[in-house]
Amino acid sequence: MAQQKLLTLDDIYGPTNRVNFSGAPAPTIEWIDGTHYAWGRPAADDRGAVDWLNVSADTGVTAPLFDTARAEAALGALPGIGSEQAKRLVRSRDLIFNRTYSAAVFTIDDDLYGVSFPDGRALRLTSAAGEEQEPAFSPDGSQVAFVRNHNLFVVDTRTARETALTSDGGAKVLNGEMDWVYEEEIYGRGTKRAFWWSPDSSKVAFLRIDDTPVSTFVTLDDINYEPNVETWEYPRAGEANPMVRLGVAHVAGSTDWIDLSKYGPEYLVVRVGWAPAGALTFEVENRTQSWIDLNEANVSASPIAVRTILHETSSYWINSEDTTLPIWLKDGSFLWLSGRSGFSHAYHYSAQGDLIKQVTTGRWEVRSFHGVDDMNSYLYFSGTERSPIGNDIYRVKLDGSSLQRLSKAPGTHDADFSQTLAYYVDTWSDISTPPQTRLHRDDGAEVRVLRENRVAALTEFRLSTPEFLQVKTRDGFLMEAMMIKPPNFDPRRKYPVYQFTYGGPHSQQVRNAWTLQTMYHQLLAQHDVIVWICDNRTASGKGVESTWPVFKRFGELELRDIEDGISWLKQQPYVDGGRIGIHGWSYGGFMTAYALTHSTSFVMGIAGGTVSDWRNYDTVYTERYMGTPQQNPDGYRSSSPRWAVRDLHGALLLIHGVIDDNVHLANTLQLVYELQKANKPFELMLYPKSRHGVTDPALVRHLRGLMFDFTMKHLKP
């Protein structure tokens, strides 16, 4: 121990010289079929380039995925592309492959180019002005769909003949692409594509999102001499949502529209896909997400015939982010994921929508489906049957029997299955181990280690072993908690406590999984501060039932649970109950501001990216839990720290990204205004050119230094 080093902020966050505590990232693979995958192996002779390989899952034997030299020559022969640029493009990770990996498209100067590997043919596919976004091959590889200037197009991969499927796109009307709220709150951050090819490659289903009624919000980047002004369509709680239509465009050029008039003017189209037999399936929710419909559209009929297969309701909400399309079985029946029991589980339905069987049961959650082996009647999924703070890989018979956990080591396992489910790649980590990647067979048997990722740097520093604990609330709920004590911990001493929190519905922070933030917590522990993370019940991941009590009122129950954890801490002889601080970001920033204005338990708080008034936040997230401000004005008022600043207790540091497009800077400025009027002291730091997270390495280093100094100042005066 005497020879091990102590951490510094530069070790963790130095912009140029930080220690790589997470090791090498997991290899990025793409399954070609049931037994082979494509891997872009980093090239030894060119930094950033890859050699594309076809890998046999069973043996690990590799072969070139395509003839690289031939592809380079074909591309380099096109006008305006030299051999060096062709080499970079062909050996790039940015290739978008067709289903059989026999062709790829990529972008050069905002235009699409294609390469067919078997015949060594390259072709410029587009030449019109404007950037081609979200290109996607049709299932048969004959066409590529893309979005340009907010309109949807297809282009033939052999002739480069282009067809416009829509023509009315503009700044407010988006065809085939998500707007801000649909991406952020419904389909998931990073999912921008809003179109889906039919299995027979003859049609493209797409969303037409009209933001005309949506209010706008402006972010201003003042760093350049000419400020950069961004305008966002952002629907705040209680205001108008975007108007959405679901269309089916035929590649020949005509478009049919799904009749959604029965839902009235306000609804959300939360999932879209195609059943194997060719029917279009889609899910619709009401504005506050208290019910969901699974619909099927017969796109061969004229007009298109729509039937509702399943209608599910909740007294609280059905989280649009947790919904998933059904898994269809060969007999036309399907598997459906539902939290109706209070825990998310799998249900088997007939093609007509009649319940056949609840497949999984228990006070644990199915987190995601991986697929169904029809031949052997197995459903493969990930869930929390072993532990709510981990994630494991399972299979179960469709009749609910023979539940088998395939993953062995405790911790967090993420699975990527091949098309036939014969193999899967398992990326595993725990609280002290950076991610490791292994290949397994469908029965869980390990085949090969793909990336062991042993990080020697972790052995060079004097680190504490995080302890997982459980603490009961006053009404008996068992909260999951984690503590990191100083490495030279002396039970006879009294230590200050730093609590890290998030607190939002179903958003665990106590997880047996690797995160670099643990190293910052280790740094605090090395400076004789106990780090405490305790998930209040609504954040616990212990079923949707644990989140229901937050309905119509944020903050109150979360803080009560947090204070029950603090009460437990104060009973420990080694805790200084008069020196406890709290920190959080986003919902955690809200919880920090709420705690300091509704409690006297904390001597300090660091609130980052804070929601200070829930009327500022977006419709889909906020109204799911709170209803609208018109329906629940008292709940909105009492849940917003902005209106409780006269009761501020403890030192408060506010932090916000200046161009945050998610939780707007207005939240912090409104809170600052109320604090000033109440003559309350506080500290404020703004980060230019930063959105909801601070990502510039130099600014991250400044941020962490600021946080560390503030913590030391108030917890160790």
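Colleague: What exactly am I supposed to notice about the overall build of the protein chain here?
Modeller: When helices and strands are tallied, the protein chain shows 11 helices and 43 strands. Here the C-alpha radius of gyration of the protein chain, 27 Å, is about what a compact globule of 717 residues would show, namely 27 Å. For the C-alpha atoms alone, the extent of the protein chain along its principal axes is close to 75 × 65 × 60 Å. Split into buried and exposed, the 717 residues of the protein chain put 57% on the buried side. A sequence separation of at least 24 residues applies to 57% of the contacts in the protein chain between residues at least 6 apart. Carbon and sulfur atoms make up 48% of the accessible area of the protein chain, which totals about 29,300 Å². Placing the 70 positive and 88 negative side-chain charges of the protein chain at their respective mean positions leaves the two points 5 Å apart.

Colleague: Looking at this model, I keep getting lost on the nonpolar core. Mind explaining?
Modeller: It is characteristic of soluble globular proteins that their nonpolar side chains tend to be buried jointly. Grouped together as the largest cluster of nonpolar side chains are 94 residues, with contacts concentrated most on Tyr182, Leu207, Val272 and Leu280. Per-element accounting of this core gives the leading share, seven residues, to helix H7 (residues 587-598). What Leu280 contacts, discounting residues up to four positions off in sequence, is Ala205, Leu246, Val248, Ile258, Val272, Gly273, Trp274, Asn295, Glu296, Ala297 and Val299. Core analysis: the second largest hydrophobic core is formed by 41 residues, Met604, Val694, Val700 and Leu715 among them.

Colleague: I would appreciate a short explanation of the sheet that holds strand S42 (residues 651-657) in the present structure.
Modeller: Adjacent strands of a sheet form backbone hydrogen bonds with each other and so pair up, either parallel or antiparallel. Read across the open sheet, the eight strands follow the order S36-S37-S39-S38-S40-S41-S42-S43; overall the sheet is mixed. The open sheet has two free edges, formed respectively by strand S36 (467-472) and strand S43 (683-687), since each of these has just one partner strand. Averaged over all adjacent pairs, the angle separating strand axes in this sheet is 20 degrees, with direction ignored. Pairing analysis gives five bridges linking S42 to S43, with the strands arranged parallel. Residue pairing across strands places Ile655 opposite Met685, the latter belonging to S43. Packing of helix H5 (residues 517-526) onto the sheet brings it into contact with strand S37 (478-484), strand S38 (495-500) and strand S39 (530-534), and relative to S38 it is tilted by some 165 degrees. Where helix H10 (residues 665-677) meets the sheet, it contacts S42 and S43, and its direction lies at approximately 150 degrees from that of S42.

Colleague: Would you mind showing me how to read H7 here?
Modeller: Side chains of residues three or four places apart in an α-helix project in the same direction, reflecting 3.6 residues per turn. For H7, built from 12 residues, the straight-helix expectation of 16 Å at 1.5 Å per residue is met to within 8% by its first-to-last C-alpha distance of 16 Å. Within H7, 11 of the 12 residues are buried, which leaves the element mostly enclosed by the surrounding structure. All of the buried residues along H7 are Tyr587, Gly588, Gly589, Phe590, Met591, Thr592, Ala593, Tyr594, Ala595, Leu596 and Thr597.

Colleague: Would you take a moment to explain the pattern of salt bridges for this structure?
Modeller: Close approach of charged atoms allows side chains of opposite charge to pair. Scanning the entire structure with this criterion turns up 42 salt bridges. With a closest N to O distance of 2.6 Å, Asp221 and Lys689 form a salt bridge. Linking Asp221 in strand S16 (residues 216-221) with Lys689 in the loop between S43 and helix H11 (697-715), this pair joins segments that are 468 residues apart in sequence. Close ionic contact of Asp661 with Arg691 constitutes a salt bridge, the shortest N to O distance being 4.0 Å. Taken together, the residues span a long stretch of sequence, with Asp661 in the loop between S42 and H10 and Arg691 in the loop between S43 and H11 at a distance of 30 residues. Residues joined by salt bridges that share partners form a network here, namely Asp475, Arg537, Arg560 and Asp561.

Colleague: What's the story with the pairing of strand S35 (residues 446-451) in this structure? I'm lost.
Modeller: The side chains of a regular strand alternate, first on one face of the sheet and then on the other. In the sheet, strand S34 (residues 433-441) pairs with S35 via four bridges, with the strands oriented antiparallel. Along S35, the bridge assignment pairs His440 with Glu446. Connecting S34 to the antiparallel partner S35 that follows it, the hairpin turn spans four residues, and Gly444 within it adopts a positive phi of roughly 95 degrees.

Colleague: Can you walk me through the environment of Ala160 in this structure?
Modeller: Take Ala160: it is sitting in the loop between strand S11 (151-156) and strand S12 (162-164). Note on Ala160: relative accessible area 22%, which makes it partly exposed. With 37 residues separating them in the primary sequence, Ala160 and Leu123 have C-alpha atoms 7.6 Å apart. Excluding anything up to four places from it in sequence, Ala160 contacts Leu123, Arg124, Leu125 and Val155.

Colleague: Can you walk me through the packing of aromatic side chains in this structure?
Modeller: The description of two aromatic rings rests on the distance between their centres and on the angle between their planes. Under the definition given, this model contains 45 aromatic pairs. Here the aromatic rings of Tyr234 and Tyr617 are separated by 6.5 Å at their centres, their planes lie at 65 degrees, and the arrangement is edge-to-face. Taken together, the residues Tyr234 in the loop between strand S17 (228-233) and strand S18 (243-250) and Tyr617 in the loop between strand S41 (604-608) and helix H8 (619-626) connect sequence positions 383 residues apart. We classify Tyr234 as buried; its relative accessible area is 0%.

Colleague: What's the story with unusual backbone geometry in this structure? I'm lost.
Modeller: One can expect most non-glycine residues to show negative phi and most peptide bonds to be in trans. Residue Pro303 is reached from Ser302 by a cis peptide bond, and omega for that bond is 0 degrees. Mapped onto the elements of the fold, Pro303 is located in the loop between strand S22 (291-298) and strand S23 (305-313). Look at Asn149: it is not a glycine, yet its phi comes out positive at around 50 degrees. Considering the arrangement of structural elements, one finds Asn149 in the loop between strand S10 (143-148) and S11.

Colleague: Got a minute to help me understand the sheet that holds strand S29 (residues 378-383) in this structure?
Modeller: Pairing is antiparallel in the open sheet, where four strands are placed in the order S28-S29-S30-S31. With one partner strand each, in any of the chains shown, strand S28 (366-373) and strand S31 (404-405) form the two edges of the open sheet. Pairing geometry for S28 and S29, over six bridges, is antiparallel. If you follow Gly371 over to S29, its bridge partner there is Tyr380.

Colleague: Help me understand the packing of H5 against H11 in this model?
Modeller: When two helices pack together, their arrangement is given by the angle between the helix axes and by the axis-to-axis distance. Look at H5 against H11: their axes get within 12 Å of each other, and the N-to-C directions meet at 35 degrees. The interaxial crossing formed by H5 with H11 has right-handed handedness. Here Gln517, Tyr520, Leu523 and Leu524 of H5 come into contact with H11, specifically with Arg704, Met707, Phe708, Thr711 and Met712. Here the residues of the contact of H5 with H11 are counted per class, giving six nonpolar, two polar and one charged.

Colleague: Can you help me understand H5 in this one?
Modeller: Among the 10 residues that make up H5, 10 are buried, leaving the element largely enclosed by the rest of the structure. What H5 keeps buried is the set Gln517, Thr518, Met519, Tyr520, His521, Gln522, Leu523, Leu524, Ala525 and Gln526. Looking at the packing, one finds that the buried side of H5 touches helix H1 (9-13), S37, S38, S39 and H11. Two residues or fewer after H5 comes Asp528, characterised by a positive phi angle close to 65 degrees.

Colleague: I keep staring at the side chain of Arg271 and nothing clicks. Help me out?
Modeller: Tracing the backbone through its elements, the reader meets Arg271 in strand S20 (residues 268-274). No salt bridge forms around the buried Arg271; measuring N to O, its nearest opposite-charge neighbour Glu283 is 5.6 Å away. Within the local environment of Arg271, its side chain forms a polar contact with the backbone oxygen of Ile186, the two atoms lying 3.0 Å apart. Not counting the four nearest positions on each side in its chain, Arg271 is found in contact with Ile186, Tyr187, Thr281, Phe282, Glu283, Ser320, Glu321, Thr323, Thr324 and Leu325.

Colleague: Would you mind showing me how to read the packing of helix H4 (residues 180-188) against H8 here?
Modeller: In contact at an axis separation of 9 Å, H4 and H8 are set at 45 degrees when each is read in the N-to-C sense. Our classification of the angle between H4 and H8 gives oblique. Contacts between H4 and H8 involve Val181, Glu185 and Ile186 from the former and Thr619, Val620, Tyr621 and Arg624 from the latter. In the contact of H4 with H8, the residues fall into four nonpolar, one polar and two charged.

Scoring rules and cut-offs
- Residues numbered from 1 in each chain as written.
- Predicted model: local features only at pLDDT ≥ 70, side-chain atom pairs only at ≥ 80, totals over all residues.
- Heavy atoms only, no water.
- Helix = DSSP H or I, 4+ residues; strand = E, 2+ residues; numbered from the N terminus.
- Rg over C-alpha atoms; globule rule 2.2 N^0.38 Å.
- Buried < 20%, exposed > 50% of the residue type's maximum accessible area, 1.4 Å probe, protein only.
- Contact = heavy atoms within 4.5 Å.
- Areas by Shrake-Rupley, 256 points an atom, 1.4 Å probe, with all protein chains shown as cover.
- Lys, Arg positive; Asp, Glu negative; His and termini not counted.
- Charge placed at Lys NZ, Arg CZ, Asp CG, Glu CD.
- Core = buried A, V, L, I, M, F, W, Y, C linked by side-chain atoms within 4.5 Å.
- Pairing = 2+ DSSP bridges.
- Axes fitted to C-alpha atoms, helices over the stretch in contact; angles between N-to-C directions.
- Expected span 1.5 Å × (residues − 1).
- Salt bridge = Lys/Arg side-chain N within 4 Å of Asp/Glu carboxyl O.
- Phe/Tyr/Trp six-rings, centres within 6.5 Å; stacked < 30°, edge-to-face > 60°.
- Left-handed = near helix turned anticlockwise from the far one by under 90°.
- Nonpolar A, V, L, I, M, F, W, Y, C, P; charged D, E, K, R; others polar.
- Polar contact = N/O pair within 3.5 Å; in protein donor to acceptor, adjacent residues only side chain to side chain.
- Parallel < 35°, antiparallel > 145°, perpendicular 65-115°, else oblique.

Take it as geometry only, folks, not as evidence of what the structure does.
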